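# Observations on the model geometry
For reference, the chains in residue letters:
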Amino acid sequence: MRFTQLKLSLLSLLLFSCANESAEEGKINGIISQMTLEEKAGQMLNLGLPSVLTGDYWDERTQVMFDSVRFKKYIEKLNVGSIHNTPHPHFLPDTAIWHQIVKTIQEASLKNTRLGIPVVYGIDNIHGANYVKGSVMFPHQIGLAASRNTDLVAKTAEITSYESRAASMPWTYNPNADVAFSPLWGRIAESFGEDPHVVSQMTEAYIQGTQGTTLSDSTRTAVCVKHYLGYGAGANGKDRANAVIPESMLRQYFIPPFEAAVKAGAMSVMVSSNAVNGIPCHANSYYINDILKGELGFDGVVLSDFSDVEFLMEAHEVVENKKEATWMAVNAGLDMLMNPYDADVVDYIVEGVETGAISQERVDDAVRRVLRLKFRLNLFDRPYNNPKEFPKLGSQEHTEVNYQAASESLTLLKNKGVLPLKPGTNTLVTGYAANSINVLNGAWSRTFLGQMTDFNDPTKATIFEAIKSVNGIKNTIYGEGTDYLTDVNTDEVVQKARYADQIVVCVGELPATEKPSDINELDLPQAQQNLIKKLSALGKPIVLVMVQGRPRIIKDVEPLTDAILMAYLPGQEGGRAIADALFGKINPSGKLPYTYPKYTGNILPYYHKKTDVRDVNWGYDGFYPQYPFGHGLSYTTFELSDVALDTDTIQGNGSIKLQATITNTGSCKGKTAVELYIKDLIASVAPDSKKLIAFQKHELLAGEQKTIDFEINTEDLKFVDVKNQWVVEPGEFSLLVSIDPNKPVQKTMYYKN
């Protein structure tokens, strides 16, 4: 497979890379030896682009004009290490404008500064190069996780890098490696879901696709993996909320994706805005210095998030002033501070070294990491690109990969035989998400929140427009029904539905991220539920399409539907993919990347403890999700058979092999993921209900069989013990192989020392 081949290519370059790195470190040390303290501190600053433009930071702009005084101060005199952000949240530059922005900054950095150190430009490429006009916008990460296709994830990342580099932006603030513990969390859409193994595998694939075999390739960008650590586990489900995570849980669930990222060669890590156990992550030396840089051996750049040094004072209240906050963050291991508005932190770093609050060695280490990133990106020799050399930006080739990603993310949750729909049938399409590109795209789509329609591509189809193309104009009726929270014209829609043979109701979430994405209840908004209830009274088949990052609770309306398709936030090609899935042009193959809850008071990840599911009758039947993790139907059927182990015991550091046959027993071609879980029956720490250790995705023709193989090794059996160490204990384990999580095939195995 392509992803595997890429990993082999990386290994083959190891010796060559080591030699190059030795020469690289010599160059870095040479530059550091010439730098003044202020120049070193300047390299540790990540400044917002509007700070060197005319006007105030948040002033609305329709063109880019540099402020000559501030530009000279920050770029030429201070030689800042990095610039980030767009000219304005409502201004979308094309590659030519981006080229001019970055070229102007880099030419000044190289030619008008004492040491000629280039800037590294960073940007939030959340689901594509979403701040570059004309770029493709892929499904958000939660949909990519549902695809269970690591090769496809790597390809989307590769395209994102290409299109970002077309705009001369070489540093990608992504992927999101947060384990999403709470379905209330708005940024769950930007994550790979609740499972540490899926998050780790997808993160690794994204990094390999982004960075390739060498960052000196002008089509590749450096990743900034985020958000370290525990960002997706806020105790109240809100953005930036304090998380309460014992160290054993931290090591079992939250650190592994970042460890995988480091092993995959991630060049930078962004620290989380929240606190864990009351300690702000930006001030947590144990997490950054001891674990990330120490235990994991990370030698890249540790970057703060937007204004989060200042927030140590303002939000976390752990210091009295920003100077102390700066010292605290740098000593905790931050190498670069995203301080968007000005350069005050540079003065604080200088003062910190001069007074002994920060060691010279700490600053030199930070600068060394920043320079290493710049050398790896070849910015000293090629600080910007010619956009004319990137003809594939927004191309048909990239668009088709986008369509495939959207198609494979779609997850069929329910089907009482109504899907696929027959083209040419009178169909009513309605609902908040039915005729909106913005809802399909979600946040980080041309603008921060993704709610503005000004930048929508008129060539991209909404769900209604795509259904109309497949089903025919005369056979397709539209009615708005509701907006996100309120009724618009549901009674009128019900009247239109009387003339339809089938109804497609498209519900969804308001595009938002970070604090604006906070909600107080997980239920699907009542107005959208009421639309379904009113339409159900007609007794006609109802297909529910859900366009949402979170699993919104639907227990009251689920029984009123005949089929449910989960689309997540599928991006620009989402409308086309959804229509094609509904009418059978493609066969859904997604698997849920999180547990879909049925009740607000019964929210658990699938890897819970047995005591978590004690029921009111003192039994163990207290876990009843709407749909389990890994659930996902198809228009065909698959069967697992001949599941066998080559031996039933692992001894020491050995391994065993599991082989199975998968058969497409249905009448059409289809793809499905096969997942392998392990369950430790007895352990010194209460074992999880099960743990995912591997998955594979396969495509089979009707009637086709394939033999599949898994290898289970000692590492797969380990858990974090009471001393916070990864251990494996002798005993019995269950292996669970499944296509349907409700019907696993079980095998017993043992471990001996």
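Refer to the structure printed above.
Residues numbered from 1 in each chain as written. Predicted model: local features only at pLDDT ≥ 70, side-chain atom pairs only at ≥ 80, totals over all residues. Heavy atoms only, no water.

## Examining the overall build of the protein
Of regular secondary structure, the protein possesses 22 helices and 27 strands. Scaling as 2.2 N^0.38, a compact globule of 753 residues should have a C-alpha radius of gyration of about 27 Å, and the protein matches this with 26 Å. Taking the principal axes of its C-alpha atoms as reference, the protein extends roughly 75 × 65 × 50 Å. Taking the intrachain contacts of the protein between residues at least 6 apart in sequence as the baseline, contacts between residues at least 24 apart amount to 77%. Averaging the positions of the 71 positive and the 88 negative side-chain charges in the protein gives two centres separated by 4 Å. (Helix = DSSP H or I, 4+ residues; strand = E, 2+ residues; numbered from the N terminus. Rg over C-alpha atoms; globule rule 2.2 N^0.38 Å. Contact = heavy atoms within 4.5 Å. Lys, Arg positive; Asp, Glu negative; His and termini not counted. Charge placed at Lys NZ, Arg CZ, Asp CG, Glu CD.)

## Notes on the pattern of salt bridges
Applying the stated criterion across every chain yields a total of 44 salt bridges. Across the pair Lys-77 and Glu-38 runs a salt bridge whose closest N-O atoms are separated by 4.0 Å. With Lys-77 in helix H4 (residues 68-77) and Glu-38 in helix H3 (residues 37-43), this residue pair connects regions lying 39 residues apart in the sequence. Judged by its relative accessible area of 60%, Lys-77 falls in the exposed class. On the basis of relative accessible area, Glu-38 is assigned to the partly exposed category, the value being 33%. (Salt bridge = Lys/Arg side-chain N within 4 Å of Asp/Glu carboxyl O. Buried < 20%, exposed > 50% of the residue type's maximum accessible area, 1.4 Å probe, protein only.)

## A look at the packing of H4 against helix H5 (residues 95-111)
Interhelical geometry of H4 versus H5 gives an angle of 55° and a closest axis separation of 9 Å. Judged by the inter-axis angle, H4 sits oblique to H5. Residues Phe-71, Ile-75 and Glu-76 of H4 pack against Thr-104, Ile-105, Ala-108 and Ser-109 of H5. (Axes fitted to C-alpha atoms, helices over the stretch in contact; angles between N-to-C directions. Parallel < 35°, antiparallel > 145°, perpendicular 65-115°, else oblique.)

## Structural notes on helix H8 (residues 196-211)
One turn of the α-helix equals 3.6 residues, which is why residues spaced by three or four share an orientation. With 16 residues, H8 extends 22 Å from end C-alpha to end C-alpha; this agrees with the ideal 22 Å at 1.5 Å per step. For H8, the tally of buried residues reaches 15 of 16 residues, placing the bulk of the element in the interior. Between a side-chain oxygen at the N-terminus of H8 and the backbone nitrogen of His-197 the separation is 3.0 Å; the capping residue is Asp-195. In the stretch just after H8, Gly-212 is the one whose phi turns positive, near 60°. (Expected span 1.5 Å × (residues − 1). Polar contact = N/O pair within 3.5 Å; in protein donor to acceptor, adjacent residues only side chain to side chain.)

## A few points about the sheet that holds strand S22 (residues 691-700)
Strands belonging to one sheet form pairs held by backbone hydrogen bonds; the direction of such a pair is parallel or antiparallel. Taken together, the 5 strands give an open sheet; going across it, the order is S19-S27-S26-S21-S22, and neighbouring strands pair in mixed fashion. Unpaired on one side and paired on the other, strand S19 (649-651) and S22 mark the two borders of the sheet. When the angles between neighbouring strand axes are averaged without regard to direction, this sheet yields 25°. Of the strand pairs in this sheet, strand S21 (residues 670-680) and strand S26 (residues 731-738) are connected by 6 bridges, and their pairing is antiparallel. Note that in S26 the partner of Ile-678 across the bridge is Leu-735. (Pairing = 2+ DSSP bridges.)

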